Amino acid sequence: MKTPLRVAVTGAAGQIGYSLLFRIASGAMFGPDQPVILQLIEAPIEKAMQALQGVSMELDDCAFPLLKGQVLTDDPNVGFKDANWCLLVGAKPRGAGMERADLLKDNGKIFIGQGKVIDAVAAGDARVVVVGNPANTNCMIAASQAKRLPSDRYTAMVRLDQNRAQAQIAKKSGRDLTDVKDVFIYGNHSPTMFPAYAHATIGGKPAAGVINDTAWLQGAFCETVGKRGAAIIAARGLSSAASAANALVDHVRDLRTPGVVHSVGVKSAGEYGFDPEVWAGMPVRTTTPGSWEVVRGYAMDDFAKTKLAATNKELVEERALVVDMLKG
Ligand code: NAD
Ligand code: LMR
């Protein structure tokens, strides 16, 4: 029996939490032979902590063989203690008519405090994934608090966008989802993101050739993927939750699987023209479990370069808005 991994999840009683925790405890994220201890962190609000008790009872009632313990707390010092994975979901979601960046003022400060505590008390091998919006910039804020953990341990989730892009290409081409490969997300988790289709394949052939509709690829496709979150809010009255939890399962599982290339928000070192220091979605290859390298070689045409510049500009602007929240 392997030693259990300690998995800290913030916002554990929220919408995403309710879809996520059961997937982690069932083995979907860390594998069918990896036990876990869930360290569930909620806001210090009576209603939230009470809801968390209910979620915990349901976890008990699933009798998951891999779930070796639960910690329920509103104290990040307790919740992040010795955590191997810190999944930062807890933050305000946007409502109709808002952009994710509108959340920066309220949500940004959460990641200052949590970033500091994680750096102080999490395990030496800790990995941190930020889901709470705006995810890229919140990830930068959390990472900036660290003195001990290196910045490559902090990733922002753009995997939901990759999954959305793959599904749209499969639908348009009438092909099975599993035939669609290598569609990657560049930049911000916002409408400016660039779902790069030029290197995607369908059944091993260039997707652009199979689809043969450049106007759709450059127009409706980018627009649909970029604004999918808002479309879901308009339809449900609530932001995406089950698909976000599923994307987080994919993000962590693939970050633990050497050789997989997938879209992850990471600290730029200037690849693809991104400003060094911003956290940008890019294709990364997992090297060893939890570690990655950016896949650098993809050529970009003029359309792609314009899209990359626009999403980089937005990331730089978001960074300027939170400069007071960044340390060092
Ligand atoms: P929710 O409101 O249902 O749940 C959020 C939970 O976080 C609440 O239970 C709240 O009490 C808790 N919380 C707030 N502050 C906290 C803190 N300081 N510490 C611990 N817990 C705290 O929201 P949700 O639908 O679960 O969404 C959570 C976040 O994820 C939002 O910011 C949303 O926009 C974002 N999101 C990101 C993606 C993505 O692809 N990156 C996708 C979907 C949603
Ligand atoms: C999403 O993409 O569904 C989430 O980021 C939620 C949102 O605000 O769009």
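What counts and how
- Residues numbered from 1 in each chain as written.
- Chains lettered and ligands numbered in written order.
- Predicted model: local features only at pLDDT ≥ 70, side-chain atom pairs only at ≥ 80, totals over all residues.
- Heavy atoms only, no water.
- Helix = DSSP H or I, 4+ residues; strand = E, 2+ residues; numbered from the N terminus.
- Rg over C-alpha atoms; globule rule 2.2 N^0.38 Å.
- Buried < 20%, exposed > 50% of the residue type's maximum accessible area, 1.4 Å probe, protein only.
- Near = heavy atom within 4 Å.
- Polar contact = N/O pair within 3.5 Å; in protein donor to acceptor, adjacent residues only side chain to side chain.
- Areas by Shrake-Rupley, 256 points an atom, 1.4 Å probe, with all protein chains shown as cover.
- Nonpolar A, V, L, I, M, F, W, Y, C, P; charged D, E, K, R; others polar.
- Domains from an automatic or database assignment.
- Axes fitted to C-alpha atoms, helices over the stretch in contact; angles between N-to-C directions.
- Left-handed = near helix turned anticlockwise from the far one by under 90°.
- Contact = heavy atoms within 4.5 Å.
- Core = buried A, V, L, I, M, F, W, Y, C linked by side-chain atoms within 4.5 Å.
- Expected span 1.5 Å × (residues − 1).
- Pairing = 2+ DSSP bridges.
- Right-handed = clockwise from strand over helix to strand, strands pointing away.
- Buried area = accessible area lost by both parts, 1.4 Å probe.
- Salt bridge = Lys/Arg side-chain N within 4 Å of Asp/Glu carboxyl O.

So what exactly am I meant to see when it comes to the overall build of the protein chain here?
Of regular secondary structure, the protein chain possesses 11 helices and 14 strands. Computed over its C-alpha atoms, the radius of gyration of the protein chain comes to 19 Å, within 12% of the 20 Å expected for a compact globule of 328 residues. Along the first, second and third principal axes, the C-alpha atoms of the protein chain reach 50 × 45 × 40 Å. The buried share of the protein chain, reckoned over its 328 residues, is 53%.

I tried to follow the site of ligand 2 on my own but got confused; where do I start?
Near ligand 2 the following residues occur: Arg 94, Arg 100, Asn 133, Leu 160, Arg 164, His 189, Gly 229, Ile 233, Ser 239 and Ser 240. For ligand 2, an oxygen atom lies 2.8 Å from a polar atom in the side chain of Asn 133. Measuring from an oxygen atom of ligand 2, one finds a side-chain N or O atom of His 189 at 2.6 Å. Protein contacts shield 94% of the accessible area of ligand 2, which totals 270 Å² for the unbound molecule. Counted by class, the shell around ligand 2 contains two nonpolar, five polar and three charged residues. Two domains each put at least three residues into the shell around ligand 2: domain 1 (5–156) and domain 2 (159–321).

Would you mind showing me how to read the site of ligand 1 here?
Around ligand 1 sit 27 residues in total, of which Gln 15, Glu 42, Lys 92, Val 131 and Asn 133 are the nearest. One of the side-chain nitrogen or oxygen atoms of Asn 133 is found 2.8 Å away from an oxygen atom of ligand 1. Backbone polar atom of Met 157 to a nitrogen atom of ligand 1: 3.5 Å apart, as the coordinates give it. Relative to its free-state accessible area of 860 Å², ligand 1 is covered by the protein chains to the extent of 84%. Those elements that place two or more of their residues in the shell around ligand 1 are helix 1 (15–26) and helix 4 (104–121). For the shell around ligand 1, the element with the most residues is helix 4, which contributes three residues. When grouped by side-chain class, the residues that make up the shell around ligand 1 number 14 nonpolar, 11 polar and two charged. The two domains that each donate at least three residues to the shell around ligand 1 are domain 1 (5–156) and domain 2 (159–321).

Would you take a moment to explain the packing of helix 4 against helix 5 (residues 135–144) for this structure?
The contact between helix 4 and helix 5 brings their axes to 7 Å, and the two run at 30 degrees. Crossing angle aside, the handedness with which helix 4 passes helix 5 is right-handed. Judged by residue contacts, Leu 104, Asn 107, Gly 108, Phe 111, Ile 112 and Gly 115 of helix 4 engage Thr 137, Asn 138, Ile 141 and Ala 142 from helix 5. A class-by-class count of the residues in the contact of helix 4 with helix 5 yields five nonpolar, five polar and no charged.

Would you explain the nonpolar core in this entry?
The nonpolar side chains of a soluble globular protein tend to be buried, and buried together. Counting 72 residues, the largest nonpolar core has Val 7, Ile 24, Leu 59, Leu 87, Tyr 186, Phe 221 and Leu 248 as the members making the most contacts within it. Among the elements that line this core, the one with the most residues is helix 10 (residues 242–255), at seven residues. In this structure, this core is formed jointly by two domains, domain 1 (5–156) and domain 2 (159–321), each of which donates at least three residues. With 28 residues, the next largest nonpolar core counts Val 117, Ala 122, Met 140 and Ala 142 among its residues.

What's the story with helix 4 in this structure? I'm lost.
Under the 1.5 Å per step criterion, the end-to-end length of helix 4 is 25 Å for 18 residues, consistent within 8% with the ideal 26 Å. Of the residues making up helix 4, those classed as buried are Leu 104, Asn 107, Gly 108, Phe 111, Ile 112, Gln 114, Gly 115, Val 117, Ile 118, Asp 119 and Val 121.

Whenever I open this one, the pairing of strand 3 (residues 67–73) confuses me. Can you help?
Two faces, one strand: in a regular strand the side chains alternate between the faces of the sheet. In this structure, strand 2 (residues 36–41) lies alongside strand 3, joined through six bridges in parallel fashion. The residue of strand 3 that forms the bridge with Gln 39 is Val 71. With respect to chirality, the unit in which strand 2 leads through helix 2 (residues 46–62) into the neighbouring parallel strand 3 is right-handed.

What is the right way to read the pairing of strand 12 (residues 261–267) from this model?
Counting buried residues along strand 12, five of its seven residues qualify, which places the element largely inside the surrounding structure. Relative to strand 13 (residues 279–286), strand 12 is paired through seven bridges, and the arrangement is antiparallel. From the neighbouring strand, Ser 263 faces strand 13, where its bridge partner is Pro 283.

Help me understand the domain arrangement of the protein chain in this model?
Accessible area lost upon the coming together of the parts serves often as the stated size of an interface. Partitioning the protein chain into structural domains gives domain 1 (5–156) and domain 2 (159–321). The C-alpha centroid of domain 2 is placed 23 Å from the C-alpha centroid of domain 1. With 35 residues of domain 1 at the interface, the matching set in domain 2 holds 42 residues. Both sides together, the interface formed by domain 1 and domain 2 hides about 3,000 Å², and carbon and sulfur atoms give 60% of it. Our enumeration of links across domain 1 and domain 2 arrives at zero salt bridges. Between domain 1 and domain 2 we count 14 residue pairs in polar contact (both at pLDDT 80 or more) in total.

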